[in-house]
Amino acid sequence: MARRGTPGRGKGKAADKAVGPKAKGRQDGRRGSARAEREPVSRPVGGGLAELIPDRERPHGWTLLIDGAPQSHVDLDDPAHLSFAYQRRLGHVIDLAAPPLQPLHVLHLGGGAFTLARYTAATRPRSTQQIVELDAPLVQLVRDCLPLDPQARVRVRTADAREGLGRFPDGWADLVIADVFSGARTPAHLTSAEFLTEVRRVLKPEGRYAANLADGPPLAHLRGQVATAAAVFPELALAADPVVWRGRRFGNAVLLASALPLPVAEFTRRVASDPHPGRVEHGRALTDFTGGAAVVTDAAAKPSPAPPPSVFENP
């Protein structure tokens, strides 16, 4: 597990192809300049020291770290490449949100290096996307060093995630994706039923909510988050590595929720076929997993647990 996810090997060797069109002029234009820009970049941001580390295997790939913890990976030439395991699972959510190439309205709570917004723009051209990210210096670093495709319809707002969510009209989003961490913990005010009620307000009736959650043994936070989501959304699914499900280590889980039935079978198949296969639970099995955990309210909300220091160490 990393602060936002563990680096992986992309969407699979056979599937490491851009789904959307590449802008050849921009790609060729970067190729010459990138040779002079392959040194690591570091800059203080709101969350600590941000570093952009060149990917030795991808000529225009970069990993964003904050205080040494991997946050995001971006390939400027191939924005459809998702390197972190949890981001691949969120990529599946984006892929299954509508028929291929159909534009979406997507709200990203938490920006990182804008990886999932880039993925959506590449795979679903003409999508309208909004990113809400509190860390203004981080946003500026990403804009300076990892610029978005100017043709991508992505707007970035500097605001607290819940405050920014409250500014959106009812029924605006096809998809709300939450990937918000302060340090290595999800802020308490983004874990409650009141927060999820606001998410459901912003979603279209058929819209879906997806969240990157992090927890370790005994998975009390994860159980509580599933119980809380179940109090707001009737349809849920949860994807995680088998070792996380068994409570053997700290790691990421992707929660998917909606008012309408989810494509559980296809989501399960895709997660199971990832380079690092995961497992999806839903229905009665997911209800049993909660073990009677209480619904989290604003009054009782706490941040997600801090990961052990060993989580961020290289093997």
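Analysis parameters
Residues numbered from 1 in each chain as written. Predicted model: local features only at pLDDT ≥ 70, side-chain atom pairs only at ≥ 80, totals over all residues. Heavy atoms only, no water. Buried < 20%, exposed > 50% of the residue type's maximum accessible area, 1.4 Å probe, protein only. Helix = DSSP H or I, 4+ residues; strand = E, 2+ residues; numbered from the N terminus. Pairing = 2+ DSSP bridges. Right-handed = clockwise from strand over helix to strand, strands pointing away. Contact = heavy atoms within 4.5 Å. Phe/Tyr/Trp six-rings, centres within 6.5 Å; stacked < 30°, edge-to-face > 60°. Lys NZ or Arg CZ within 6 Å of the ring centre and 35° of its normal. Salt bridge = Lys/Arg side-chain N within 4 Å of Asp/Glu carboxyl O.

Peer 1: Lay out helix 7 (residues 220-230) with the relevant residues and their values.
Peer 2: Summarising burial for helix 7: eight of the 11 residues are buried, a large majority. Listing the buried residues of helix 7 in full gives His-221, Leu-222, Gly-224, Gln-225, Val-226, Ala-227, Thr-228 and Ala-229.

Peer 1: Go over the pairing of strand 7 (residues 154-158) with me, naming the residues and quoting the values.
Peer 2: Bridge analysis of strand 6 (residues 128-133) against strand 7 gives five bridges, and the strand direction is parallel. Counterpart to Val-132 in the pairing with strand 7 is Arg-157. In this view, the connection linking strand 6 to its parallel neighbour strand 7 by way of helix 4 (residues 136-145) has right-handed handedness.

Peer 1: Got a sec to walk through the environment of Glu-235? Specific residues and values, please.
Peer 2: Mapped onto the fold, Glu-235 is located in strand 10 (residues 235-240). Taking C-alpha positions, Glu-235 is 5.9 Å from Pro-261, a pair spaced 26 residues apart along the chain. Excluding anything up to four places from it in sequence, Glu-235 contacts Leu-256, Ala-257, Ser-258, Ala-259, Leu-260, Pro-261 and Leu-262.

Peer 1: How would you sum up the packing of aromatic side chains? Please name residues and give values.
Peer 2: Scanning the model with the defined rule gives four aromatic pairs in all. For the ring pair Trp-245 and Phe-289, a centre distance of 5.1 Å and an interplane angle of 80° mean the geometry is edge-to-face. Of the two residues, Trp-245 sits in helix 8 (residues 242-245) while Phe-289 sits in helix 10 (residues 283-290), which places them 44 residues apart along the sequence. Residues Trp-245 and Phe-289 agree in their burial class; the two are buried. Aromatic ring contacts, followed pair by pair, group Phe-195, Tyr-209 and Phe-233 into a single cluster. Its end group placed over the ring of Phe-168, Arg-157 keeps NZ or CZ at 4.7 Å from the ring centre.

Peer 1: Residues and numbers for unusual backbone geometry, please.
Peer 2: The phi angle of most residues is negative, glycine excepted, and most peptide bonds adopt the trans form. A cis amide bond links Pro-217 with the next residue in sequence, Pro-218, at an omega value of 10°. Looking at the element boundaries, Pro-218 is found in the loop between strand 9 (203-215) and helix 7.

Peer 1: Can you explain the pattern of salt bridges? Please cite residues and give values.
Peer 2: Using the criterion set out here, one finds 15 salt bridges in the structure. Its salt-bridge partner being Asp-241, residue Arg-249 comes within 2.8 Å of it at the nearest N-O pair. The class for Arg-249 is partly exposed, based on a relative accessible area of 31%. Judged by its relative accessible area of 15%, Asp-241 is buried. Residue Arg-284 is joined to Asp-288 by a salt bridge in which the shortest nitrogen-to-oxygen separation is 3.0 Å. Here Arg-284 and its partner Asp-288 are both found in helix 10, four residues apart, which amounts to about one turn of the helix. Using a relative accessible area of 64% as the deciding quantity, one classes Arg-284 as exposed. Through salt bridges with shared partners, a single network forms among Asp-95, Glu-266, Arg-269 and Arg-270.

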